Amino acid sequence: MTAAHRDAAVIDAAASTLADLSGLSRSLRHVAVVTDDGFEVVRRPETAPADGRLASMASSIQALTDAVAYELQLGTAKSVIIASETGHVIQMRVPGHQLVMVALFDENETLGMALSMLRVAAERLAAVLDAGPVRSVA
Amino acid sequence: MSEHVVLFAGPMGAGKTTAIQSLSEVPVVLTEAANSDRVTADKPTTTVALDYGVLTLGGDEQVRLYGIPGQRRFNFMWSLLKRRATGMVLLVHNDAPRPFDAMLEYLDEFGDLYRKGGIVIGVTRTDVSSRPLLPDYSEVLHQVHPDKTIPVFAVDPRDARSVGLALMVLVANLEMRAAFVRDPEAVPV
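Below: a short report on this structure. The structure displayed is predicted, hence computed values, not measured ones.

Next up on the list: the overall build of chain B. Within chain B, the secondary structure is distributed over six helices and eight strands. Order of helices (α) and strands (β) in chain B, N terminus to C terminus: β-α-β-β-β-β-α-β-α-α-β-α-β-α. A globule of 189 residues ought to have a C-alpha radius of gyration of about 16 Å, and chain B, at 16 Å, matches this closely. A principal-axis box enclosing the C-alpha atoms of chain B has dimensions of 45 × 40 × 30 Å. By residue count, 44% of the 189 residues in chain B fall in the buried class. If you take every contact in chain B between residues at least 6 apart in sequence, the share linking residues at least 24 apart comes to 70%.

Here it is as structure tokens:
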């Protein structure tokens, strides 16, 4: 099976989802879909740094969060929130897939609204991937 | 209680996670993700943040075992974990395409751990590939780092006694330095 970050169907679905998400909030500074093992599938804006560092860090954070959730018998971690002085980073697992959506919002967006937008986007991406002929694998 | 913080480093597929699982007396904290890079290492999962285990030696001595991700794109984790570490077990698989290069690359990256405490090298998968030989590793080490004394062992990460021997040599070195040198940074290299 093709790895998700090289799978045209996954890339197209993720790109479309991120394009829709980008139109919903002016506070969305950066958003990407990454594989569980830290490869970037797609990002917006495309002018954002492409060194893969955010994808790798998001992967590590997701895995550490999953480890904590497992240790405490909480199941799988659905989301991670990093609330900082000038914005928030939110990671959202794409349900049923080895993919994570990671977004940076500036401080003008409420955390609740950002979380809600990202959750809806992740669920939509999952629905598209589930409906398609190729199921993503990392 | 004295405590040592030991990193298990090395390229992807060298056996770091397996070694920690063999040694740890507590369930190992794993951060495995499905491996997309089957070219570099043909294995189903890969470490993306860290592995963590604990080994108690005697009654009052504990070794905290941290495995680092083997892929360079996770090198921010290398920096984070290196700060806490006092020593390193560097695992290199003998069937790697260029095992000497891998060994030297990690020694460059983690060279300050030699000054802080010590480094031992464990050559894994010698059952899969019998060459190069252990003396070949020592020879390369001597050529590139003539000022350093770094023991080289054949290690089976699946075998607690095997990997434990390399760890015990490292711990003995750490203790020796702690006993004779108040400031490990002052140890001549």
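Back to the text.
All names here are of chain B. Of all eight residues in strand β1 (residues 2-9), six are buried; the element is thus mostly enclosed. Pairing of β1 with strand β5 (residues 61-67) involves seven bridges; the strand directions are parallel. Within the sheet, the bridge partner assigned to F8 lies in β5 and is G67. Here β1 runs beside strand β6 (residues 87-93); their pairing, made up of four bridges, is parallel. Across the sheet, V6 pairs through a bridge with G87, a residue of β6.

Core analysis: the largest hydrophobic core is formed by 49 residues, its most contacted members being B:V6, B:M88, B:V89 and B:L90. Here this core takes six residues from helix α6 (residues 160-180) of chain B, the largest share from any one element. Leaving out residues up to four positions away in the same chain, B:M88 has contacts with B:V6, B:L7, B:A9, B:F110, B:L113 and B:I119. Residues A:I90, A:M92, A:V94 and A:M117 belong to the second largest nonpolar core, which totals 38 residues.

A separate point is the interface of chain B and chain A. On the chain A side, the residues contacting the 14 residues of chain B number 18 residues. Among the elements of the structure, β2 (32-34) and α2 (75-84) of chain B are those that each provide at least two residues to the side of chain B that touches chain A. Here the side of chain B that touches chain A is built from residues that sort into nine nonpolar, four polar and one charged.

So, about the sheet that holds strand β4 (residues 51-57) of chain B. Residue and element names in this part refer to chain B. Taken together, the six strands give an open sheet; going across it, the order is β4-β5-β1-β6-β7-β8, and neighbouring strands pair in mixed fashion. The open sheet has two edge strands, β4 and β8 (152-154), and neither has a second partner. Mean inter-strand twist for the sheet, computed between neighbouring axes without regard to direction, equals 25°. The strands that helix α3 (residues 99-109) touches are β1, β6 and β7 (119-124); relative to β6, the one it contacts most, it runs at about 160°.

Basis of the calculations
Residues numbered from 1 in each chain as written. Chains lettered and ligands numbered in written order. Predicted model: local features only at pLDDT ≥ 70, side-chain atom pairs only at ≥ 80, totals over all residues. Helix = DSSP H or I, 4+ residues; strand = E, 2+ residues; numbered from the N terminus. Rg over C-alpha atoms; globule rule 2.2 N^0.38 Å. Buried ≥ 20, exposed ≤ 12 C-beta atoms within 10 Å, placed from the backbone. Contact = placed C-beta atoms within 7 Å. Pairing = 2+ DSSP bridges. Core = buried A, V, L, I, M, F, W, Y, C linked by C-beta atoms within 7 Å. Nonpolar A, V, L, I, M, F, W, Y, C, P; charged D, E, K, R; others polar. Axes fitted to C-alpha atoms, helices over the stretch in contact; angles between N-to-C directions.

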